[in-house]
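Overview (structure and organization)
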Amino acid sequence: MEYQAQNLRDFVRQHHSRARVLAVTSGKGGVGKTSTSVNLGIAMAAQGQRVTVLDADLGLANVEVLLGLNSLYNLQHVIAGERRMRQIVVQGPGGIDLIPGSSGIAKLADLGPHARENVIRGLMELQEDADFIIIDTMAGIGQNAVAFAAAADEVLLVTTPEPSAIVDAYAMIKTINQLRKDAVIRIVVNMAANAAQANMVAAKLNHVAQQYLGRSLATLGHILRDPHVAQAVMQATPFVLRYPAAPAAKNVQDLAASLLRQKREQERGRPGFLRRIVQNLGLVSNA
Ligand SMILES: Nc1ncnc2c1ncn2[C@@H]1O[C@H](COP(=O)(O)OP(=O)(O)OP(=O)(O)O)[C@@H](O)[C@H]1O
Ligand SMILES: [Mg+2]
């Protein structure tokens, strides 16, 4: 087993990250992470990108519920070494690939060495098969969510204009920042009444981050509060496919275009997602 671990260490060290990894996260729950992950993924796939959405909300298998899917295998089988990551990929709507999550997995950091190796190997496979990996994380400053967010190439921090969501978003930013000062954090204001309100929310967060953390945040954009979103959820269909002309769908298409215009933040020679997640999970302390 030592031999296997050594192998993995070398592999991670030599591995050149391919996919751009976006962690979709939030402070407060229910602000639209899953909805944003899936619909943004589909909008990017429509622009010719190979997109994999990874359901890392290991408490509740969220993405599947949203899409009315019920797959046989999920991340738990990969963690247990019973399936390879490539074997559990599900074809999602709009040409995206989905990695089903699993309820009942507690903390990645608490997994044993073999289970963690299985996770890392699986993530490596995903990196080879996609242009973008969108990780739909759990809300809040739990270990898994923070480990993924601090390892990702970019964090999409979703908040609503509600004061409690903004306060919790700031707590999340602070926690990510403690782990990684150069994390790229892009704000997405969901359920906004209008663009002006969304801009105010983003400006407020940016102001606080500058004042207390000495750093600035990027703003990716906003998604308006739109009844089509809930209607699509009732039909277990992504709103960008079901109501492509609806305001929220237009917004998501804009977010996708904006992400595609931006160059990936990762520079050559800088440790990529895999090395950072390995570090964050404590598998290889100096990979
Ligand atoms: N732009 C929007 N307009 C109106 N309703 C929305 C919008 N975005 C999300 N919703 C509603 O909010 C609900 C919660 O969204 P979603 O499940 O994506 O949040 P979440 O952040 O993933 O939640 P959790 O923290 O539980 O994982 C959805 O069922 C949807 O109906
Ligand atoms: Mg969710």
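Residues numbered from 1 in each chain as written. Chains lettered and ligands numbered in written order. Predicted model: local features only at pLDDT ≥ 70, side-chain atom pairs only at ≥ 80, totals over all residues. Heavy atoms only, no water.

Description of the pattern of salt bridges
- Tallying each qualifying case throughout the model produces 10 salt bridges.
- For E154, the salt bridge goes to R20, with nearest N and O atoms at 2.7 Å. Taken as a pair, E154 in strand β6 (residues 154–159) and R20 in strand β1 (residues 20–25) lie far apart in primary sequence, 134 residues in all.
- Classification of R20 as buried rests on a relative accessible area of 6%.
- Close ionic contact of E154 with R186 constitutes a salt bridge, the shortest N to O distance being 2.9 Å. Of the two residues, E154 is situated in strand β6 and R186 in strand β7 (residues 185–192); the sequence distance between them amounts to 32 residues.
- Linked by salt bridges that have partners in common, R20, E154 and R186 make up one network. (Salt bridge = Lys/Arg side-chain N within 4 Å of Asp/Glu carboxyl O. Helix = DSSP H or I, 4+ residues; strand = E, 2+ residues; numbered from the N terminus. Buried < 20%, exposed > 50% of the residue type's maximum accessible area, 1.4 Å probe, protein only.)

Some thoughts on the side chain of T52
- Here T52 shows up in strand β2 (residues 51–55).
- Look at T52 and you get buried, because its relative accessible area is 3%.
- With residues near it in sequence (within four places) discarded, T52 still touches D97, I99, L126, A130, F132, I133 and I134. (Contact = heavy atoms within 4.5 Å.)

Quick word on the pairing of β7
- The buried fraction of β7 is high, at seven of eight residues.
- For β6 and β7, the ladder comprises five bridges, and the chain directions are parallel. Bridge pairing in β7 links V155 to I185.
- Sheet analysis places β7 next to strand β8 (residues 218–224), joined by six bridges and oriented parallel. Residue pairing for β8: R186 is matched across the bridge by A218.
- The β-α-β motif built from β7, the intervening helix α9 (residues 195–213) and the parallel element β8 has right-handed crossover chirality. (Pairing = 2+ DSSP bridges. Right-handed = clockwise from strand over helix to strand, strands pointing away.)

Examining helix α12 (residues 247–261)
- Between its terminal C-alpha atoms α12 stretches 21 Å, which fits the 21 Å expected from 15 residues at 1.5 Å a residue.
- Among the residues making up α12, those that are buried are A248, A249, N251, V252, L255, A256, S258 and L259. (Expected span 1.5 Å × (residues − 1).)

Description of the site of ligand 1
- Taken together, 19 residues lie around ligand 1, and G30, K33, T34, S35 and N190 are the ones closest in.
- One nitrogen or oxygen atom from the main chain of G32 is found 2.9 Å from an oxygen atom belonging to ligand 1.
- Here S35 contributes a backbone N or O atom positioned 2.8 Å from an oxygen atom of ligand 1.
- Notes on ligand 1: free accessible area 640 Å², of which the protein chains cover 79%.
- Of all the secondary structure elements, the ones that give two or more residues to the shell around ligand 1 are α2 (33–45), β7, β8 and α10 (227–234). (Near = heavy atom within 4 Å. Polar contact = N/O pair within 3.5 Å; in protein donor to acceptor, adjacent residues only side chain to side chain. Areas by Shrake-Rupley, 256 points an atom, 1.4 Å probe, with all protein chains shown as cover.)

Focus: the environment of L108
- Inspection of the secondary structure puts L108 in the loop between β4 (97–99) and α6 (113–129).
- With 37 residues separating them along the chain, L108 and A145 place their C-alpha atoms 9.7 Å apart.
- Sequence-distant contacts of L108, that is, excluding residues within four places in its chain, are made with L58, R116, V119, N144, F148 and L281.

What to know about the coordination of the magnesium ion (ligand 2)
- Those donors, T34 (OG1) and N62 (ND2), are the protein atoms that reach the magnesium ion (ligand 2), and they lie 2.0 to 2.7 Å from it. Taken together, the residues span a long stretch of sequence, with T34 in helix α2 and N62 in helix α3 (residues 62–67) at a distance of 28 residues.
- With a relative accessible area of 12%, T34 lands in the buried category.
- Classification of N62 by relative accessible area gives partly exposed; the value is 25%. (Donors = N, O, S within 2.8 Å, 3.2 Å for Na, K, Ca; no water.)

Overview of the sheet that holds β4
- In space, the eight strands of this open sheet follow the order β3-β4-β2-β5-β1-β6-β7-β8, with mixed pairing throughout. Looking at strand neighbours, the two that pair on one side only are β3 (90–91) and β8, the edges of this open sheet.
- Pairing of β1 with strand β5 (residues 132–136), which is carried by five bridges, proceeds in the parallel orientation. The partner of L22 across the bridge, within β5, is I134.
- Along the sheet, α12 contacts β1, β5, β6, β7 and β8; its crossing angle with β8, the most-contacted strand, is approximately 160 degrees. (Axes fitted to C-alpha atoms, helices over the stretch in contact; angles between N-to-C directions.)

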